[in-house]
Amino acid sequence: MGTPDGTPWQDHPARVLVRLKDEPPVWSFGEVRLRRYGGADHDTVLALHREGLAQVGLRPGDGVYYDHDFFRMEDIYLRNDGEFLVGELDGRIVAMGGLRRADLVPGGRARAFGGYAPGTPALDAVEMVRLRVLPSVQRRGYGTAVVQALEQRAVEYGYRVLRADTTELQGPALALYGKFGWTETRRETIGGIVNIYLEKQLR
């Protein structure tokens, strides 16, 4: 599917990520506006997260699914050298993604059980997490725009390496990371689901 003139969505000349404001950050990507998460976005963002996981068959209790960070957005993202962005289309949130210090939330199977620890002073690794696009508007490049914006923010904060993990079930996410030069570092089976860990060097 493409734009009305037949150009693929992601290749349309108007669909370039443009930084509009430094702080708090704002970008445009065609008709979508990316901005920082605010408290009023909580219910919509949580619903988008849950819809995205349900789309690939992930469910509470599977050892991979978790959403406890959505109830501590300020602590985990916005006040701790991180970021959380939402993409709005016609005033509706249709995309999102975050940067979270890699030392704040447990990794692997421990992650599903919650937990949060204050970060250390040194900025080294940051996780790119919670990349979601509303199913009805997928394949328009919105996920690409979120990844580009978050990578900009990671560089601005001075992180050395970006990390992420996703599952074998999330093919579009794996393709997106691959497009931006991420490399797989390891795999871990959790509750019968293969979790794939990736990273990208920033400096």
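Keep in mind it's a predicted model, so treat the numbers as computed, not measured.

## Here we look at the pattern of salt bridges
Right, on to step 1. Inspection of every chain in the model, using the stated rule, returns 25 salt bridges.
Right, on to step 2. In this structure, R33 engages E88 in a salt bridge whose closest nitrogen and oxygen atoms are separated by 3.1 Å. Highlighted residues: R33 in strand β3 (residues 32-36) and E88 in strand β4 (residues 83-89), separated in sequence by 55 residues.
Right, on to step 3. The closest approach of N and O atoms between D103 and R101, which form a salt bridge, is 3.4 Å.
Right, on to step 4. Judged by its relative accessible area of 3%, R101 falls in the buried class.
Right, on to step 5. When salt bridges with common partners are traced through the structure, they connect R19, E23, R36, E83, R153 and E156 into a single cluster.

## Some thoughts on the environment of G178
Right, on to step 1. Secondary-structure assignment places G178 in helix α4 (residues 171-179).
Right, on to step 2. Distance in space between the C-alpha atoms of G178 and L198 is 9.3 Å, their sequence separation being 20 residues.

## Notes on unusual backbone geometry
One can expect most non-glycine residues to show negative phi and most peptide bonds to be in trans.
Right, on to step 1. The omega torsion across E23 and P24 is -15°, close enough to zero to call that bond cis.
Right, on to step 2. The phi dihedral of D90 is positive, around 55°, even though this residue is not glycine.
Right, on to step 3. With respect to the helices and strands, the residue D90 is situated in the loop between β4 and β5 (92-101).
Right, on to step 4. The backbone phi angle of R139 is positive, close to 70°, even though this residue is not glycine.
Right, on to step 5. Tracing the sequence through the fold places R139 in the loop between β6 (125-133) and α3 (142-157).

## Points about the confidence of the model for the protein chain
Right, on to step 1. Here the protein chain shows a mean pLDDT of 85. Residues at 70 or above account for 82%.
Right, on to step 2. Confidence over residues 1-10 falls short of pLDDT 50; this stretch has 15 contacts with residues more than four positions distant or in other chains.

## Points about a nonpolar patch on the surface
Right, on to step 1. On the surface, a nonpolar cluster with roughly 260 Å² of combined accessible area is contributed by V16, V18 and L20.
Right, on to step 2. With respect to the secondary-structure elements, L20 resides in strand β1 (residues 17-21).

## Considering α3
Right, on to step 1. With 16 residues, α3 should reach 22 Å at 1.5 Å per residue; the first-to-last C-alpha distance of 23 Å fits that figure.
Right, on to step 2. Buried within α3 we find Y142, G143, T144, A145, V146, V147, A149, L150, E151, R153 and A154.
Right, on to step 3. Looking one or two residues beyond α3, the residue adopting positive phi is G158, at roughly 95°.

## A short note on the packing of aromatic side chains
Right, on to step 1. Applying the stated criterion across every chain yields a total of 6 aromatic pairs.
Right, on to step 2. Ring centres of Y37 and F84 lie 5.8 Å apart, and the angle between their planes is 75°; on these two criteria the pair is classed as edge-to-face. Here Y37 is found in the loop between β3 and α1 (42-55), whereas its partner F84 is found in strand β4, with 47 residues between them in sequence. The same class applies to Y37 as to F84, namely buried.
Right, on to step 3. A cation sits over an aromatic face here: R186 above Y197, 3.8 Å from the ring centre.

## Structural notes on the nonpolar core
Right, on to step 1. Core analysis: the biggest nonpolar cluster contains 48 residues, and L34, V45, F84, M128, Y142 and W182 have the highest contact counts within it.
Right, on to step 2. Counting residues per element, this core draws most heavily on α3, which supplies 7 residues.
Right, on to step 3. Residues contacting V45, with those up to four places away along its chain left out, are Y37, F70, F84, V86, I93 and M96.

Rules used in this analysis
- Residues numbered from 1 in each chain as written.
- Predicted model: local features only at pLDDT ≥ 70, side-chain atom pairs only at ≥ 80, totals over all residues.
- Heavy atoms only, no water.
- Salt bridge = Lys/Arg side-chain N within 4 Å of Asp/Glu carboxyl O.
- Helix = DSSP H or I, 4+ residues; strand = E, 2+ residues; numbered from the N terminus.
- Buried < 20%, exposed > 50% of the residue type's maximum accessible area, 1.4 Å probe, protein only.
- pLDDT = per-residue confidence, 0-100.
- Contact = heavy atoms within 4.5 Å.
- Patch = residues over 30% accessible without salt bridge, like charges linked within 9 Å, V, L, I, M, F, W, Y side chains within 5 Å.
- Areas by Shrake-Rupley, 256 points an atom, 1.4 Å probe, with all protein chains shown as cover.
- Expected span 1.5 Å × (residues − 1).
- Phe/Tyr/Trp six-rings, centres within 6.5 Å; stacked < 30°, edge-to-face > 60°.
- Lys NZ or Arg CZ within 6 Å of the ring centre and 35° of its normal.
- Core = buried A, V, L, I, M, F, W, Y, C linked by side-chain atoms within 4.5 Å.

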